[in-house]
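Structure assessment
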Amino acid sequence: MSARPRRFARTAVLTFAFLVPTVLVAGSPAQAVACNYAGYITYSGDYARTTDVSGGCTQVAARHYYDPVWSSNNYYSSWKYGGDVAQSTAAAELISGQHTGY
């Protein structure tokens, strides 16, 4: 048998492979859930709390503004971070709370 018939068969297979249409199926992008959070402050407990209510937040944070009895100034507490819930450390005489999430 000569080499010519094998070469023809190989060429035919390669040509057929290039002619077969390729179907690409792209997956639909995932529906992103918005980050919705709820803020809560308690004057009796003197803290602020932030809660992820949508499940779409990577992280939430809370802090509060307070008026300590030992000072004539008002201060912000440091931010406290959490995945689903964040609560600032209690500090006397809370004035207001701040909340964020992303």
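Above this text sits the structure in question.
Summary of the structure given here. Everything quoted here is computed from the prediction, not taken from an experiment. (Residues numbered from 1 in each chain as written. Predicted model: local features only at pLDDT ≥ 70, side-chain atom pairs only at ≥ 80, totals over all residues. Heavy atoms only, no water.)

So, about the pairing of strand 1 (residues 37-42). Strand direction decides the pairing type here: strand 1 and strand 2 (residues 47-52), joined by 6 bridges, are antiparallel. Within the sheet, the bridge partner assigned to Ala38 lies in strand 2 and is Thr51. Turn length for the strand 1-strand 2 hairpin, with the two strands adjacent in sequence and antiparallel, is 4 residues, and the turn residue Asp46 shows positive phi of about 55°. (Pairing = 2+ DSSP bridges. Helix = DSSP H or I, 4+ residues; strand = E, 2+ residues; numbered from the N terminus.)

Time to look at the nonpolar core. Residues Ala48, Cys57, Val60, Ala62 and Ala86 constitute the largest nonpolar core, which totals 5 residues. Contact partners of Val60, with chain neighbours within four places excluded, come to Tyr37, Thr50, Asp52, Lys80, Tyr81, Gly82, Gly83, Asp84, Val85, Ala86, Thr100 and Gly101. (Core = buried A, V, L, I, M, F, W, Y, C linked by side-chain atoms within 4.5 Å. Buried < 20%, exposed > 50% of the residue type's maximum accessible area, 1.4 Å probe, protein only. Contact = heavy atoms within 4.5 Å.)

This part covers the sheet that holds strand 1. Working definition: the strands of a sheet are paired by backbone hydrogen bonds and lie parallel or antiparallel to each other. Taken in spatial order, the 3 strands make up an open sheet running 1-2-6, and their pairing is antiparallel. In the strand order of this sheet, the two ends are held by strand 1 and strand 6 (85-87), each with one partner. Within this sheet the neighbouring strands show an average axis-to-axis angle of 15°, counted without direction. Bridge count for strand 2 against strand 6 is 3 bridges, and the pairing is antiparallel. Within strand 6, the residue paired with Arg49 across the bridge is Gln87. (Axes fitted to C-alpha atoms, helices over the stretch in contact; angles between N-to-C directions.)

Moving on, we get to the packing of aromatic side chains. Enumeration over the complete set of coordinates arrives at 3 aromatic pairs. With centroids separated by 5.7 Å and ring planes inclined at 25°, the aromatic side chains of Trp70 and Tyr75 adopt a geometry described as stacked. What makes Trp70 exposed here is its relative accessible area of 65%. Residue Tyr75 is classed as partly exposed on the basis of its relative accessible area of 27%. A network of ring pairs unites the aromatic residues Tyr66, Trp70 and Tyr75 as a single cluster. A cation over a ring is seen here: Arg63 above Tyr76, with NZ or CZ 4.1 Å from the ring centre. (Phe/Tyr/Trp six-rings, centres within 6.5 Å; stacked < 30°, edge-to-face > 60°. Lys NZ or Arg CZ within 6 Å of the ring centre and 35° of its normal.)

With respect to the secondary-structure elements, Tyr66 resides in strand 3 (residues 60-66). A C-alpha to C-alpha distance of 8.2 Å links Tyr66 and Asp46, two positions 20 residues apart in sequence. Not counting residues up to four positions away in its chain, the partners in contact with Tyr66 are Asn74, Tyr75, Tyr76, Ser77, Ala91, Ala92, Glu93, Leu94 and Ile95.

What follows concerns the side chain of Asp52. Positionally, Asp52 belongs in strand 2. Of the buried charged residues, Asp52 lacks a salt bridge, with Arg49 as the closest side chain of opposite charge at 14 Å. A distance of 2.9 Å separates a polar atom in the side chain of Asp52 from the backbone nitrogen of Gly55. In this view, Asp52 contacts Asn36, Tyr37, Cys57, Val60, Gly83 and Asp84; residues no more than four positions away in its chain are not counted. (Lys, Arg positive; Asp, Glu negative; His and termini not counted. Salt bridge = Lys/Arg side-chain N within 4 Å of Asp/Glu carboxyl O. Polar contact = N/O pair within 3.5 Å; in protein donor to acceptor, adjacent residues only side chain to side chain.)

Looking now at the environment of Trp79. With respect to the element layout, Trp79 can be found in the loop between strand 4 (75-76) and strand 5 (80-82). Expressed as a C-alpha distance, the spacing of Trp79 and His64, which sit 15 residues apart in the sequence, is 8.3 Å. Ignoring any residue separated from it by four or fewer positions in sequence, one finds Trp79 in contact with Ala61, Ala62, Arg63, Gln98, His99 and Thr100.

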